[in-house]
Amino acid sequence: MGFLESLLEQSWLLWIAAALVLGILEITAIDLVFAMLAGGALAGAAADALGLGFVGQVLVAAAVAGLLIGTIRPVLLRRLTMPPVGTTNAPALVGRSALVLSDVTARGGLVKLAGETWSARTTPDRTFTAGEDVVVTAIDGATAVVGPVAPPAPAAPHPEEGTP
């Protein structure tokens with residue numbers, strides 16, 4: 001029995017070793033790519049335990065790693081980049097929506113923000129009337145600087161049926 005055959009008989013051990021190496025690399029990178037690849041390596045070890053051949057193990061590992069990178073990683077990255085739950089004061093208000101209570105101009109106005117009435121102003125070229133929704137772009141002292149709510153992204157045009 002050759003060295004390669006003995007390695008392939010113990011391929012689960014190779015998968016576990018690969019997962020450990022990828023986990024250590026993840027600690028240095030902190031980008032979650034290596035962690036997802038380590039998950040794929042663990043799936044390869046599980047595939048070996050189920051009796052799949054080496055090619056099947058590689059396919060399972062690649063499929064699981066791709067699935068983790070495409071689904072779990074974006075969710076975790078969003079979670080990691082969110083502001084902490086305890087964010088308070090002005091940084092917690094920037095980006096929140098507000099309702100205009102009285103006309104808001106560059107000189108002033110009132111908005112309802114986070115359940116409270118705030119003095120507000122906008123850039124010199126903008127005016128918002130009562131009842132409009134706005135977004136807080138900055139906090140200047142005790143005044144909320146507001147701007148327009150971003151319009152929804154335009155829908156992609158549908159190709160006409162029957163065109164080649």
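From a predicted model like this one, the values you see are computed outputs, not experimental measurements. (Residues numbered from 1 in each chain as written. Predicted model: local features only at pLDDT ≥ 70, side-chain atom pairs only at ≥ 80, totals over all residues. Heavy atoms only, no water.)

Student: Could you give an account of the overall build of the protein chain, with specific residues and numbers?
Tutor: Scanning the protein chain from terminus to terminus reveals five helices and five strands. Listing every helix and strand of the protein chain by position from the N terminus yields α-α-α-α-α-β-β-β-β-β. Among the 164 residues that make up the protein chain, the fraction classed as buried is 23%. Put simply, 44% of the contacts in the protein chain that link residues at least 6 apart link residues at least 24 apart. Summing over all exposed atoms, the protein chain offers an accessible surface of approximately 11000 Å²; the carbon and sulfur share of this is 68%. (Helix = DSSP H or I, 4+ residues; strand = E, 2+ residues; numbered from the N terminus. Buried < 20%, exposed > 50% of the residue type's maximum accessible area, 1.4 Å probe, protein only. Contact = heavy atoms within 4.5 Å. Areas by Shrake-Rupley, 256 points an atom, 1.4 Å probe, with all protein chains shown as cover.)

Student: Quick one: what's the story with the nonpolar core, residue by residue and with numbers?
Tutor: The nonpolar side chains of a soluble globular protein tend to be buried, and buried together. Val104, Val111, Leu113, Trp118, Val134, Ala144 and Val146 are the most contacted members of the largest nonpolar core, which has 14 residues in total. Those elements that provide at least two residues to this core are β1 (97-102), β2 (110-113), β3 (116-121), β4 (133-140) and β5 (143-148). Per element, the largest residue contribution to this core is three residues, and it comes from β4. Discounting chain neighbours no more than four positions away, the residues touching Val104 are Gly109, Leu110, Val111, Ala120, Arg121, Thr122, Arg126, Thr127, Phe128 and Val146. (Core = buried A, V, L, I, M, F, W, Y, C linked by side-chain atoms within 4.5 Å.)

Student: Account for a nonpolar patch on the surface, with residues named and values stated.
Tutor: A cluster of nonpolar residues, Trp12, Leu13, Ile16, Leu20 and Leu42, forms a patch on the protein surface that exposes about 470 Å² of accessible area. Broken down by element, the nonpolar patch gets its largest block of residues, four residues, from helix α2 (residues 11-29). With respect to the helices and strands, Leu20 occurs in helix α2. On the basis of relative accessible area, Leu20 is assigned to the exposed category, the value being 55%. (Patch = residues over 30% accessible without salt bridge, like charges linked within 9 Å, V, L, I, M, F, W, Y side chains within 5 Å. Salt bridge = Lys/Arg side-chain N within 4 Å of Asp/Glu carboxyl O.)

Student: Please provide a residue-by-residue account of the pattern of salt bridges, values included.
Tutor: Taken as a whole and judged by the stated rule, the model has two salt bridges. Here Arg73 ties to Asp31 by a salt bridge, and the two come within 3.1 Å at their closest N and O atoms. Of this pair, Arg73 sits in helix α4 (residues 54-81) while Asp31 sits in the loop between α2 and α3 (33-49), and the two are 42 residues apart along the sequence. When the shortest N-O distance is used, the salt bridge between Asp140 and Arg121 registers 2.8 Å. Taken together, the positions of Asp140 in strand β4 and Arg121 in strand β3 put the pair 19 residues apart, joining distant regions of the chain.

Student: Tell me about the packing of α3 against α4, and please be specific about residues and values.
Tutor: The N-to-C vectors of α3 and α4 enclose an angle of 145°; their axes lie 7 Å apart at closest approach. In terms of crossing hand, the pair formed by α3 and α4 is right-handed. Of the residues in α4, those touching α3 at Val33, Met36, Leu37, Gly39, Gly40, Ala43, Gly44, Ala47 and Asp48 are Gln57, Val60, Ala61, Val64, Ala65, Leu68, Ile69, Ile72, Arg73 and Leu76. For the contact of α3 with α4, the per-class residue count stands at 13 nonpolar, four polar and two charged. (Axes fitted to C-alpha atoms, helices over the stretch in contact; angles between N-to-C directions. Left-handed = near helix turned anticlockwise from the far one by under 90°. Nonpolar A, V, L, I, M, F, W, Y, C, P; charged D, E, K, R; others polar.)

Student: Got a sec to walk through the confidence of the model for the protein chain? Specific residues and values, please.
Tutor: Counting all residues, the mean pLDDT for the protein chain is 86, and 86% of those residues have values of 70 or more. The secondary-structure element of the protein chain with the lowest mean pLDDT is helix α1 (residues 3-9), recorded at 72, while α3 shows the highest, at 95. (pLDDT = per-residue confidence, 0-100.)

Student: Could you give an account of α3, naming the residues involved and the relevant values?
Tutor: An ideal rise of 1.5 Å per residue puts 24 Å on 17 residues; α3 measures up with 25 Å between its terminal C-alpha atoms. Buried within α3 we find Met36, Ala38, Gly40, Ala41, Ala43, Gly44, Ala45, Ala47 and Asp48. In the core, the buried residues of α3 are packed alongside α2 and α4. (Expected span 1.5 Å × (residues − 1).)

Student: Quick rundown of α2? Include the residues and the values.
Tutor: Here α2 contains 19 residues, and its C-alpha end-to-end distance of 27 Å stays within 8% of the 27 Å for a straight helix at 1.5 Å per residue. By the burial criterion, the buried members of α2 are Ser11, Trp15, Ala19, Leu22 and Glu26. Along α2, the residues classed as buried sweep out an arc of 90° about the axis, all on the same side. In α2, the exposed positions angled more than 90 degrees off the buried face are occupied by Leu20, Ile24, Ile27 and Thr28. Of the residues flanking the end of α2, it is Ile30, one or two places downstream, whose phi is positive at about 50°. (Arc of directions from axis to C-beta.)

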